[in-house]
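# Structure at a glance
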Amino acid sequence: MKVAIIGAGNVGTALATALTRAGHNVTITARDPNNAAKAAQSSGARAGASNAAAVEQADVVIAAIPATSIADVAAQIRLPASGKPVIDVTNRMAPTEQGLDMDTTSSNAEELASMLPGSPVVKAFNTLFASNQADPTAGGVQLDGFVAADDEGAKATVLELVESVGLNPVDVGPLKRARQLEGLAFLNVTLNAENGGAWQSGWKLVGAPEAIVSDTTGRGSAR
């Protein structure tokens, strides 16, 4: 697939590395062209001239950006991303006087979908730290890649992408399940931050309902 990754930080670079290794044609962009060039060089991807130009040529778009940048990026790619799956990798958390917290009444993915009405938004890759996005195992165990979306075609495309990088793909249902996926990421972050973790932990669903583990396509589905 032709994949445009917006964001050249740890997450964008890790995903570019994994997707390039899996044989996909990856273009990575960033606000600072120098950062995009460095990420491209280290991951084997190409550096794009702009977000809009990279998205125009892509089959799938990945928003690997801070949550605070969602609105700006959505405005830039609204037209070129029309009809294309847009994967939201962001997470929902904010510092408070009592430490990190999150709003669970919605999700970043649902908010992005409202800003991109012409694009099927998919939640994926967000429950993994960057190290496990580049290497999808923890403690010798293959980690799960949870995918949530309302559009079944876009979801199937992203499940295929998730599987191609070595994750076990799990369909968790509609886009509103992004709230729980962002919650999983929040829990993993806080557990590591509060306990001196090595930021290597990841999620694996075991003893899953038979409908998930016996899916003949090899892709789990939880509804």
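Scope of this entry: the structure provided in the associated data block.

Attention now goes to helix 2 (residues 33–43). Among the residues of helix 2, Ala36, Ala39, Ala40 and Ser43 are the ones counted as buried. Down the axis of helix 2, the sector holding all buried residues measures 100°, keeping them to one side. With respect to the buried face of helix 2, the exposed residues turned more than 90 degrees away are Asn34, Lys38, Gln41 and Ser42. Close packing links the buried residues of helix 2 with helix 1 (10–21), strand 2 (25–29) and strand 3 (46–47). Looking at where helix 2 begins, the residue whose side-chain oxygen comes 2.9 Å from the main-chain nitrogen of Asn34 is Asp32. Backbone geometry just after helix 2 places Gly44 at a positive phi near 90°.

Turning our eyes to something else, we now look at the environment of Glu110. As for its position among the elements, Glu110 is in helix 5 (residues 108–115). Spatially, the C-alpha atoms of Glu110 and Ala178 are 7.7 Å apart, while their sequence positions differ by 68 residues. Excluding its chain neighbours within four sequence positions, the residues that come into contact with Glu110 are Leu175, Lys176 and Arg179.

Our next topic: the pairing of strand 12 (residues 168–173). Most of strand 12 sits out of view: five of its six residues are buried. Where strand 11 (residues 144–149) lies against strand 12, five bridges are found, and the strand directions are parallel. Across the sheet, Gly145 pairs through a bridge with Pro169, a residue of strand 12. Assessed by its sense of winding, the connection that carries the chain from strand 11 through helix 7 (residues 152–164) to strand 12 is right-handed.

Evaluated as defined, the whole model comprises seven salt bridges. Among the ionic pairs, Asp88 bridges to Lys123, the shortest N-O distance being 2.7 Å. With Asp88 in strand 5 (residues 86–88) and Lys123 in strand 8 (residues 121–123), this residue pair connects regions lying 35 residues apart in the sequence. You can call Asp88 buried: its relative accessible area is 0%. Arg179 serves as the salt-bridge partner of Glu110, at 2.8 Å between the closest nitrogen and oxygen. Of this pair, Glu110 sits in helix 5 while Arg179 sits in helix 8 (residues 178–195), and the two are 69 residues apart along the sequence.

Attention now goes to unusual backbone geometry. Here Phe125, not a glycine, exhibits a phi torsion of approximately 70°, which is positive. Within the fold, Phe125 resides in the loop between strand 8 and helix 6 (130–134). Its relative accessible area of 2% is what places Phe125 among the buried residues. One non-glycine residue, Trp199, adopts positive backbone phi at about 60°. Residue placement: Trp199 occurs in the loop between helix 8 and helix 9 (210–213).

Now for the nonpolar core. The biggest cluster of nonpolar side chains holds 32 residues, and the ones touching the most others in it are Ile5, Leu19, Ile28, Ile62, Ile87 and Phe125. Counting residues per element, the ones that place at least two in this core are strand 1 (2–6), helix 1, strand 2, helix 2, strand 4 (60–63), strand 11 and helix 7. In terms of residue count, helix 7 provides more of this core than any other element does, five residues in total. Those residues within four positions of Ile62 in sequence are excluded, and the remaining contacts are Val3, Ala4, Ile5, Ile6, Leu15, Leu19, Ile87, Val89 and Phe125. Core analysis: the second largest hydrophobic core is formed by 20 residues, Ala4, Ile6, Val61 and Leu112 among them.

Turning our eyes to something else, we now look at the side chain of Ser119. Take Ser119: it is sitting in the loop between helix 5 and strand 8. Residues within four places of Ser119 in sequence aside, it is in contact with Ala81, Ser82, Gly83, Lys84 and Val86.

Rules and cut-offs
- Residues numbered from 1 in each chain as written.
- Predicted model: local features only at pLDDT ≥ 70, side-chain atom pairs only at ≥ 80, totals over all residues.
- Heavy atoms only, no water.
- Buried < 20%, exposed > 50% of the residue type's maximum accessible area, 1.4 Å probe, protein only.
- Helix = DSSP H or I, 4+ residues; strand = E, 2+ residues; numbered from the N terminus.
- Arc of directions from axis to C-beta.
- Contact = heavy atoms within 4.5 Å.
- Polar contact = N/O pair within 3.5 Å; in protein donor to acceptor, adjacent residues only side chain to side chain.
- Pairing = 2+ DSSP bridges.
- Right-handed = clockwise from strand over helix to strand, strands pointing away.
- Salt bridge = Lys/Arg side-chain N within 4 Å of Asp/Glu carboxyl O.
- Core = buried A, V, L, I, M, F, W, Y, C linked by side-chain atoms within 4.5 Å.

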